[in-house]
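The chain contents come next:
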Amino acid sequence: MAVFAAVVVARLPASWVLAMSGHELRCASVAGSVWNGYCGGAEVSGTSLGNLAWQLHPGRLLTGRLAAHVQARRSNASARADVALGLDGTLFARNVVIDLPLEPSLLPALPPQITGKAHVDLSQLEVTRAGVVKRIKGRIEVRNLVDSTGQVTPLGSFIVSFPGGPGEPVGRLRDLGGPLAVEGTVRLTSQPGYDLQAKVATRSGAAPSLVQALQYLGSPDADGWRPFGLSGTY
């Protein structure tokens, strides 16, 4: 009987599991089993993920975690990671690689006038059920950022590097060249939220609209830097 039950579970169709899960994940098509499954045209809370595939690691169930390798791909974005879900709802992820355009269809909270491309490469990520980032190690890059408020204003490319370790995660923020020079930090707080503290300056050739915008931050110091801060919750 135990062998029979194991075979049934191993071949349990993914469509049955998704239908019984009660989550907001919707699929245009489903194939495979609960262990190796495929969800075509996946959507979560109205946000399109494209095609989603997963491969569960049953051995990790003995440690109290549901673990899998997952991949998602749509025409202009892709993501892959090794993830595990703890009994308390904490999400653990490793080898996270994401490439996506900055657009409202993928990031609803993003202002529509801000465009560019993002690349995420994290070796470690730990997020609680409440959305608090407890651990993060790796980098997040934003390239060719453009602000189309009023007129098209190139901003440049930027990177936040998180070294990992205990305590509230703090990443180093810097530019990767372009019209806007930036140096600062990004701290991820327990609200959950973020606190960005930086100094900014324009480089030679910056658009007049960018130069004018920075004037609202106050007078620059002797080296041309102006302080800039931004905080919020998510």
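Computed from a predicted model, the values in this text were never measured in an experiment. (Residues numbered from 1 in each chain as written. Predicted model: local features only at pLDDT ≥ 70, side-chain atom pairs only at ≥ 80, totals over all residues. Heavy atoms only, no water.)

## Focus: the pairing of strand β3 (residues 36-44)
As judged from the two bridges shared by strand β1 (residues 25-26) and β3, these two strands associate in the antiparallel manner. Note that in β3 the partner of Leu25 across the bridge is Val44. Joining the antiparallel neighbours strand β2 (residues 29-32) and β3 is a turn of three residues. Hairpin geometry of β3 and strand β4 (residues 47-56) is characterised by an intervening segment of two residues between the two adjacent antiparallel strands and by a positive phi of about 55° at Ser45. (Pairing = 2+ DSSP bridges. Helix = DSSP H or I, 4+ residues; strand = E, 2+ residues; numbered from the N terminus.)

## Quick notes on the pattern of salt bridges
What the rule picks out here adds up to eight salt bridges. The residue Glu168 makes a salt bridge to Arg187 at a minimum N-O spacing of 2.7 Å. In this pair, Glu168 is assigned in the loop between β10 (153-163) and β11 (170-175) and Arg187 in strand β12 (residues 180-189), connecting sequence segments 19 residues apart. The exposure class of Arg187 is partly exposed, given its relative accessible area of 30%. Its salt-bridge partner being Glu183, residue Lys199 comes within 3.8 Å of it at the nearest N-O pair. A residue pair is termed long-range when its members are at least 10 positions apart, and Lys199 in strand β13 (residues 193-202) and Glu183 in strand β12 qualify at 16 residues. Because the salt bridges share partners, they merge into one network encompassing Asp121, Arg139, Glu141 and Arg143. (Salt bridge = Lys/Arg side-chain N within 4 Å of Asp/Glu carboxyl O. Buried < 20%, exposed > 50% of the residue type's maximum accessible area, 1.4 Å probe, protein only.)

These results come straight from atomic positions and should not be treated as a statement about function.
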